[in-house]
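# Per-entry structural report
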Amino acid sequence: MPNTLEALKNITTVVADTGDFASLEAYAPQDATTNPSLILKALQQPAYLPVLDAAIAATQNSGQRGETLVELVIDHLLVGFGLKILEIVPGRVSTEVDACLSFDTAATVAKARELIALYEAAGINRERILIKIASTWEGIRACEILQQEGIRCNMTLLFSLAQAAACAEADAQLISPFVGRILDWYKANTDSAYTAATDPGVLSVNEIYTYYKKFGYQTEVMGASFRNVGEILELAGCDLLTISPALLDELQGMSAAVPRKLTPENAADASIDKLDVSEKSFRWLLNEDAMATEKLSQGIRVFGQDMHKVREIVRQRLGQPATAN
């Protein structure tokens, strides 16, 4: 009898939510995702400093100095992690655009093009790369432009059906609705107790999956940010699930059966209305959702802070002075 992780892989594509190479080798996921927080965590381990040193070496003859050099090193660093990951996983890797660009469509598009160019210069087909972008209005517009250029996008920091619907209309390749962070908000703001089946994050992803399948969108749904295996198993059948090494280990050590919970057939029979996701409607719907508004803002701040810490590590390695946050 297969363990629970292997059983889950039979009905859902499992993605590793980590920048740790050893974890990727241990759990054999199809794809992998990274973000600034995971890159920062990896850089705090001596074993990963060679990736940074290789990024610095790749920029030595660029002629750049100061902050321009720091940003160039970071681009090579992010791609360096991605290249290492692609040596292990057979599928795709997600590389995130700096959160400070979350409200700048043109800058997000430019950065995505730069990252894809580095991957292609290393011989990697762009079909194996997903560019992660925050699901702001501006980020979704950047996604729309990039998808038309064949640059595939993973829309992250997604907490609401309005965001999901807008991403689908922009033809995003994939969305990453955050399950655990939604639960965190409800635990902090209500007195209710939640089971896996009533978990607000689980219900949100279920609603988004149903909406997509009901209206025939091709955008993939990848549940993310899990707090426990119960959330994961309640979403068995979702297109993809990105899971941390700790929860992958827990699933691997279990022998429970994995019944499919989400199916396109059930979604087709659902009673659900299509949303208006014009800019005015999108901004209003997001504003009316206190949880989604707060978690989106918080997520951008945290990723921005962690990228600042990554910059400080790069500056230190380059022998440049630190800067104020």
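Here, the structure is the one placed above.
Here we summarise the structure given alongside this text. Quick caveat: nothing in here was measured; it's all calculated off a predicted structure.

How each quantity is defined
Residues numbered from 1 in each chain as written. Predicted model: local features only at pLDDT ≥ 70, side-chain atom pairs only at ≥ 80, totals over all residues. Heavy atoms only, no water. Core = buried A, V, L, I, M, F, W, Y, C linked by side-chain atoms within 4.5 Å. Buried < 20%, exposed > 50% of the residue type's maximum accessible area, 1.4 Å probe, protein only. Helix = DSSP H or I, 4+ residues; strand = E, 2+ residues; numbered from the N terminus. Contact = heavy atoms within 4.5 Å. Salt bridge = Lys/Arg side-chain N within 4 Å of Asp/Glu carboxyl O. Pairing = 2+ DSSP bridges. Axes fitted to C-alpha atoms, helices over the stretch in contact; angles between N-to-C directions. Arc of directions from axis to C-beta.

Burial of nonpolar side chains together is a common tendency in soluble globular proteins. Ranked by internal contacts, the top residues of the largest apolar core, which has 103 residues, are Tyr212 and Ile243. Here the element with the most residues in this core is helix H5 (residues 66-86); it accounts for 10 residues. If near-sequence neighbours (up to four positions away) are discounted, Tyr212 is found in contact with Ala164, Cys167, Ala168, Ile175, Tyr217, Thr219 and Val221. Residues Val15, Leu130, Met222 and Leu240 belong to the second largest nonpolar core, which totals five residues.

A complete count under the given rule lists 21 salt bridges for this structure. Of the charged contacts, one joins Asp239 and Lys213 as a salt bridge, the two residues approaching to 3.1 Å between their closest N and O atoms. Taken together, the residues span a long stretch of sequence, with Asp239 in the loop between helix H11 (229-234) and strand S8 (240-243) and Lys213 in helix H10 (residues 200-214) at a distance of 26 residues. Using a relative accessible area of 21% as the deciding quantity, one classes Asp239 as partly exposed. Residue class for Lys213 comes out partly exposed when judged on its relative accessible area of 22%. Salt bridges sharing common partners tie together Asp31, Arg92 and Glu220.

Looking now at the sheet that holds strand S5 (residues 153-158). Pairing within the closed barrel is parallel, and its eight strands lie in the order S1-S2-S3-S4-S5-S6-S7-S8. Averaged over all adjacent pairs, the angle separating strand axes in this sheet is 30°, with direction ignored. Across four bridges, strand S4 (residues 129-134) lies against S5 in parallel orientation. Directly across from Ile131, in S5, lies its bridge partner Cys153. Packing against the sheet, helix H8 (residues 161-169) makes contact with S5 and strand S6 (174-177), and its axis sits at approximately 165° to S5.

Turning next to the environment of Val79. Relative to the helices and strands, Val79 resides in helix H5. Here Val79 falls in the buried class, since its relative accessible area comes to 3%.

Moving on: helix H4 (residues 49-58). By the burial criterion, the buried members of H4 are Val51, Leu52, Ala55 and Ile56. In an axial view of H4, the angular spread of the buried residues amounts to 140°, which keeps them on one side of the axis. For H4, the elements touching its buried residues are helix H2 (21-27), helix H3 (36-43), H5 and helix H15 (290-318).

Attention shifts here to the environment of Met155. Within the fold, Met155 resides in strand S5. Classification of Met155 by relative accessible area gives buried; the value is 0%. Each C-alpha atom, one on Met155 and one on Gln305, is 20 Å from the other, the two residues being 150 residues apart in sequence. Leave out the neighbours within four places in its chain, and Met155 touches Ile133, Ala134, Ser135, Gly139, Ile140, Cys143, Cys167, Ala172, Leu174, Ile175 and Ser176.

Attention now moves to the environment of Leu241. If you trace the backbone, Leu241 turns up in strand S8. Remark: the alpha-carbon pair of Leu241 and Gln163, spanning 78 residues in sequence, is separated by 18 Å. Leu241 has contacts with Leu8, Thr12, Thr13, Val14, Val15, Met222, Gly223, Phe226, Ile232 and Leu235, leaving out every residue within four places of it along the chain.

By the burial criterion, the buried members of helix H9 (residues 179-189) are Val179, Gly180, Arg181, Ile182, Leu183 and Trp185. Buried positions along H9 lie against S5, S6, H10, H11 and H15.

These values are about where atoms sit, not about what they do.
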